[in-house]
Amino acid sequence: MLAVPFFLNRLGMKLTLLIGMLAWTLRYVLFAFGNVDEAAFLLLIGIALHGVCYDFFFVCGQIYTDSKAGERYKSSAQGMLTLATYGLGMLIGFHVAGVITDVYATGNLHDWHSIWLYPAAFAALIFVVFAVSFRNDTREYSDARA
(Lines give C-alpha, C1' and ligand atoms only; values in the text may rest on other atoms or scores of the structure.)
Protein backbone atom coordinates (compact mmCIF):
# COMPACT_ATOMS: atom_id res chain seq x y z
CA MET A 1 0.00 0.00 0.00
CA LEU A 2 2.87 2.35 0.77
CA ALA A 3 4.32 1.78 -2.71
CA VAL A 4 1.16 2.84 -4.57
CA PRO A 5 1.83 6.60 -4.52
CA PHE A 6 5.41 6.04 -5.69
CA PHE A 7 4.29 3.89 -8.64
CA LEU A 8 1.41 6.21 -9.56
CA ASN A 9 3.66 9.25 -9.61
CA ARG A 10 6.53 7.54 -11.43
CA LEU A 11 4.70 5.26 -13.87
CA GLY A 12 1.19 6.66 -14.13
CA MET A 13 -2.16 4.99 -13.71
CA LYS A 14 -2.05 2.64 -16.69
CA LEU A 15 1.29 1.02 -15.84
CA THR A 16 0.41 0.79 -12.14
CA LEU A 17 -2.85 -0.97 -12.97
CA LEU A 18 -0.99 -3.25 -15.40
CA ILE A 19 1.46 -4.21 -12.65
CA GLY A 20 -1.53 -5.20 -10.51
CA MET A 21 -3.02 -7.28 -13.34
CA LEU A 22 0.31 -8.94 -14.05
CA ALA A 23 0.63 -9.74 -10.35
CA TRP A 24 -2.76 -11.51 -10.47
CA THR A 25 -1.58 -13.60 -13.43
CA LEU A 26 1.69 -14.47 -11.72
CA ARG A 27 -0.12 -15.29 -8.47
CA TYR A 28 -2.39 -17.80 -10.15
CA VAL A 29 0.49 -19.37 -12.09
CA LEU A 30 2.38 -19.79 -8.81
CA PHE A 31 -0.68 -21.47 -7.30
CA ALA A 32 -0.91 -23.78 -10.33
CA PHE A 33 2.69 -24.95 -10.01
CA GLY A 34 3.04 -24.84 -6.23
CA ASN A 35 2.35 -27.71 -3.89
CA VAL A 36 2.68 -28.53 -0.20
CA ASP A 37 5.90 -30.48 -0.66
CA GLU A 38 8.94 -29.31 -2.62
CA ALA A 39 7.25 -26.30 -4.24
CA ALA A 40 5.59 -24.81 -1.14
CA PHE A 41 7.67 -21.66 -1.63
CA LEU A 42 5.65 -20.96 -4.81
CA LEU A 43 2.45 -20.97 -2.77
CA LEU A 44 3.99 -18.64 -0.20
CA ILE A 45 5.12 -16.19 -2.89
CA GLY A 46 1.63 -16.34 -4.42
CA ILE A 47 0.06 -15.56 -1.05
CA ALA A 48 2.52 -12.69 -0.51
CA LEU A 49 1.55 -11.21 -3.91
CA HIS A 50 -2.00 -10.62 -2.70
CA GLY A 51 -1.15 -7.15 -1.40
CA VAL A 52 0.33 -6.08 -4.73
CA CYS A 53 -2.63 -7.55 -6.59
CA TYR A 54 -5.21 -5.85 -4.44
CA ASP A 55 -3.56 -2.46 -3.96
CA PHE A 56 -2.29 -2.01 -7.50
CA PHE A 57 -5.59 -3.05 -9.05
CA PHE A 58 -8.54 -2.38 -6.75
CA VAL A 59 -7.18 0.58 -4.77
CA CYS A 60 -5.74 2.23 -7.87
CA GLY A 61 -9.03 1.61 -9.65
CA GLN A 62 -10.81 3.44 -6.85
CA ILE A 63 -8.32 6.31 -7.07
CA TYR A 64 -8.83 6.49 -10.84
CA THR A 65 -12.61 6.44 -10.42
CA ASP A 66 -12.42 9.32 -7.94
CA SER A 67 -10.22 11.33 -10.28
CA LYS A 68 -12.60 10.90 -13.23
CA ALA A 69 -15.97 11.15 -11.50
CA GLY A 70 -15.51 14.56 -9.91
CA GLU A 71 -16.90 15.75 -6.60
CA ARG A 72 -20.57 15.56 -7.58
CA TYR A 73 -20.56 11.93 -8.74
CA LYS A 74 -17.70 10.51 -6.67
CA SER A 75 -19.80 8.46 -4.24
CA SER A 76 -22.13 7.18 -6.97
CA ALA A 77 -19.16 6.15 -9.12
CA GLN A 78 -17.55 4.33 -6.18
CA GLY A 79 -20.85 2.56 -5.49
CA MET A 80 -21.12 1.48 -9.11
CA LEU A 81 -17.50 0.28 -9.12
CA THR A 82 -18.11 -1.71 -5.93
CA LEU A 83 -21.27 -3.25 -7.38
CA ALA A 84 -19.43 -4.21 -10.57
CA THR A 85 -16.38 -5.72 -8.87
CA TYR A 86 -17.59 -7.08 -5.54
CA GLY A 87 -21.15 -7.78 -6.64
CA LEU A 88 -21.68 -8.80 -10.23
CA GLY A 89 -18.01 -9.59 -10.89
CA MET A 90 -17.73 -11.91 -7.90
CA LEU A 91 -21.09 -13.53 -8.61
CA ILE A 92 -20.00 -14.44 -12.15
CA GLY A 93 -16.46 -15.31 -11.04
CA PHE A 94 -17.57 -17.67 -8.28
CA HIS A 95 -20.03 -19.38 -10.62
CA VAL A 96 -17.37 -19.88 -13.32
CA ALA A 97 -14.85 -21.05 -10.69
CA GLY A 98 -17.35 -23.62 -9.44
CA VAL A 99 -17.97 -24.96 -12.95
CA ILE A 100 -14.22 -25.19 -13.66
CA THR A 101 -13.55 -26.88 -10.31
CA ASP A 102 -16.32 -29.43 -10.98
CA VAL A 103 -14.87 -30.22 -14.42
CA TYR A 104 -11.48 -31.02 -12.88
CA ALA A 105 -12.81 -33.05 -9.95
CA THR A 106 -12.62 -36.81 -9.80
CA GLY A 107 -14.30 -38.08 -6.67
CA ASN A 108 -12.69 -36.21 -3.78
CA LEU A 109 -9.60 -35.27 -5.82
CA HIS A 110 -9.07 -32.09 -7.83
CA ASP A 111 -6.56 -31.25 -10.55
CA TRP A 112 -5.51 -27.97 -8.95
CA HIS A 113 -2.83 -27.35 -11.55
CA SER A 114 -5.43 -27.18 -14.33
CA ILE A 115 -7.95 -25.33 -12.16
CA TRP A 116 -5.50 -22.50 -11.30
CA LEU A 117 -4.40 -22.09 -14.91
CA TYR A 118 -7.88 -20.82 -15.82
CA PRO A 119 -7.83 -17.69 -13.65
CA ALA A 120 -4.20 -17.16 -14.74
CA ALA A 121 -5.32 -17.21 -18.38
CA PHE A 122 -8.31 -14.94 -17.64
CA ALA A 123 -6.06 -12.43 -15.85
CA ALA A 124 -3.53 -12.55 -18.72
CA LEU A 125 -6.31 -11.93 -21.24
CA ILE A 126 -7.62 -8.96 -19.25
CA PHE A 127 -4.04 -7.66 -19.01
CA VAL A 128 -3.70 -7.68 -22.81
CA VAL A 129 -7.16 -6.17 -23.44
CA PHE A 130 -6.51 -3.44 -20.88
CA ALA A 131 -2.99 -2.72 -22.20
CA VAL A 132 -4.37 -2.24 -25.71
CA SER A 133 -7.59 -0.40 -24.91
CA PHE A 134 -6.93 1.82 -21.87
CA ARG A 135 -6.03 5.38 -22.76
CA ASN A 136 -3.18 6.46 -20.54
CA ASP A 137 -3.87 9.54 -18.47
CA THR A 138 -0.66 11.44 -17.78
CA ARG A 139 -2.23 13.39 -14.93
CA GLU A 140 -0.61 12.87 -11.53
CA TYR A 141 -2.61 11.17 -8.82
CA SER A 142 -1.45 13.19 -5.85
CA ASP A 143 -4.53 12.12 -3.88
CA ALA A 144 -2.87 8.72 -3.51
CA ARG A 145 -0.45 10.21 -0.98
CA ALA A 146 -3.25 10.65 1.54
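Here is a short report on the structure shown in this document. (Residues numbered from 1 in each chain as written. Predicted model: local features only at pLDDT ≥ 70, side-chain atom pairs only at ≥ 80, totals over all residues. Heavy atoms only, no water.)

**Here's the deal with the overall build of the protein**
Logical step 1: Looking only at helices and strands, the protein features four helices and two strands.
Logical step 2: When the helices and strands of the protein are listed from N to C terminus, the series reads α-α-α-β-β-α.
Logical step 3: For the protein, the spread of C-alpha atoms along the three principal axes comes to 55 × 30 × 25 Å.
Logical step 4: When each of the 146 residues of the protein is scored for burial, the buried share is 33%. (Helix = DSSP H or I, 4+ residues; strand = E, 2+ residues; numbered from the N terminus. Buried < 20%, exposed > 50% of the residue type's maximum accessible area, 1.4 Å probe, protein only.)

**A closer look at helix α3 (residues 50-103)**
Logical step 1: In this model α3 runs just 26 Å from its N-terminal to its C-terminal C-alpha over 54 residues, more than 12% under the 80 Å that 1.5 Å per residue would give.
Logical step 2: The largest bend along α3 measures about 135° and falls at G70. (Expected span 1.5 Å × (residues − 1). Bend = angle between axes of the 7 residues up to and from the residue.)

**Digging into the packing of helix α1 (residues 4-33) against α3**
Logical step 1: Relative orientation of the contacting elements α1 and α3 amounts to 130°, with a least axis distance of 8 Å. As the angle between them shows, α1 and α3 are arranged oblique. In the packing of α1 onto α3, the handedness of the crossing is left-handed. Between α1 and α3, the contacting residues are V4, F7, L8, M13, T16, L17, I19, G20, M21, A23, W24 and R27 on the first element and H50, V52, C53, Y54, D55, F56, F57, F58, C60, G61, I63 and Y64 on the second.
Logical step 2: Split into classes, the residues belonging to the contact of α1 with α3 amount to 18 nonpolar, four polar and two charged. (Axes fitted to C-alpha atoms, helices over the stretch in contact; angles between N-to-C directions. Parallel < 35°, antiparallel > 145°, perpendicular 65-115°, else oblique. Left-handed = near helix turned anticlockwise from the far one by under 90°. Contact = heavy atoms within 4.5 Å. Nonpolar A, V, L, I, M, F, W, Y, C, P; charged D, E, K, R; others polar.)

**Here's the deal with a nonpolar patch on the surface**
Logical step 1: Nonpolar side chains collect at one region of the surface, where L88, L91, I92, V96, Y118 and F122 lie side by side and expose about 560 Å² of accessible area between them.
Logical step 2: Of all the elements in the fold, those that place two or more residues in the nonpolar patch are α3 and α4 (112-133).
Logical step 3: Examining the composition of the nonpolar patch, we find that four residues originate from one element, α3, more than from any other.
Logical step 4: Residue position: L91 is located in helix α3.
Logical step 5: Given a relative accessible area of 59%, L91 falls into the exposed group. (Patch = residues over 30% accessible without salt bridge, like charges linked within 9 Å, V, L, I, M, F, W, Y side chains within 5 Å. Areas by Shrake-Rupley, 256 points an atom, 1.4 Å probe, with all protein chains shown as cover. Salt bridge = Lys/Arg side-chain N within 4 Å of Asp/Glu carboxyl O.)

**Some points on the pattern of salt bridges**
Logical step 1: Counted according to the given criterion, the structure contains one salt bridge.
Logical step 2: Residue K74 is joined to E71 by a salt bridge in which the shortest nitrogen-to-oxygen separation is 2.9 Å. Taken together, the residues span about one helical turn, with K74 and E71 both in helix α3 at a distance of three residues.
Logical step 3: Accessibility expressed as a relative area gives 24% for K74, which makes it partly exposed.

**As for the state of the cysteines**
Between two cysteines, a covalent bond joining their sulfur atoms is known as a disulfide.
Logical step 1: Inspection of every chain in the model, using the stated rule, returns zero disulfides.
Logical step 2: Not part of a disulfide, C53 finds its nearest cysteine sulfur in C60, a span of 12 Å.
Logical step 3: Given a relative accessible area of 0%, C53 falls into the buried group. (Disulfide = S-S within 2.5 Å.)

**Here's the deal with the nonpolar core**
Logical step 1: Within the largest apolar cluster, 13 residues are counted, with the highest numbers of intra-cluster contacts made by V4, L8, M13, L17, C60, I63 and F130.
Logical step 2: Those elements that place two or more of their residues in this core are α1 and α3.
Logical step 3: Top contributing element to this core by residue count: α1, with six residues.
Logical step 4: Ranked by size, the runner-up nonpolar core spans twelve residues in total, among them A23, L49, F58 and A120. (Core = buried A, V, L, I, M, F, W, Y, C linked by side-chain atoms within 4.5 Å.)

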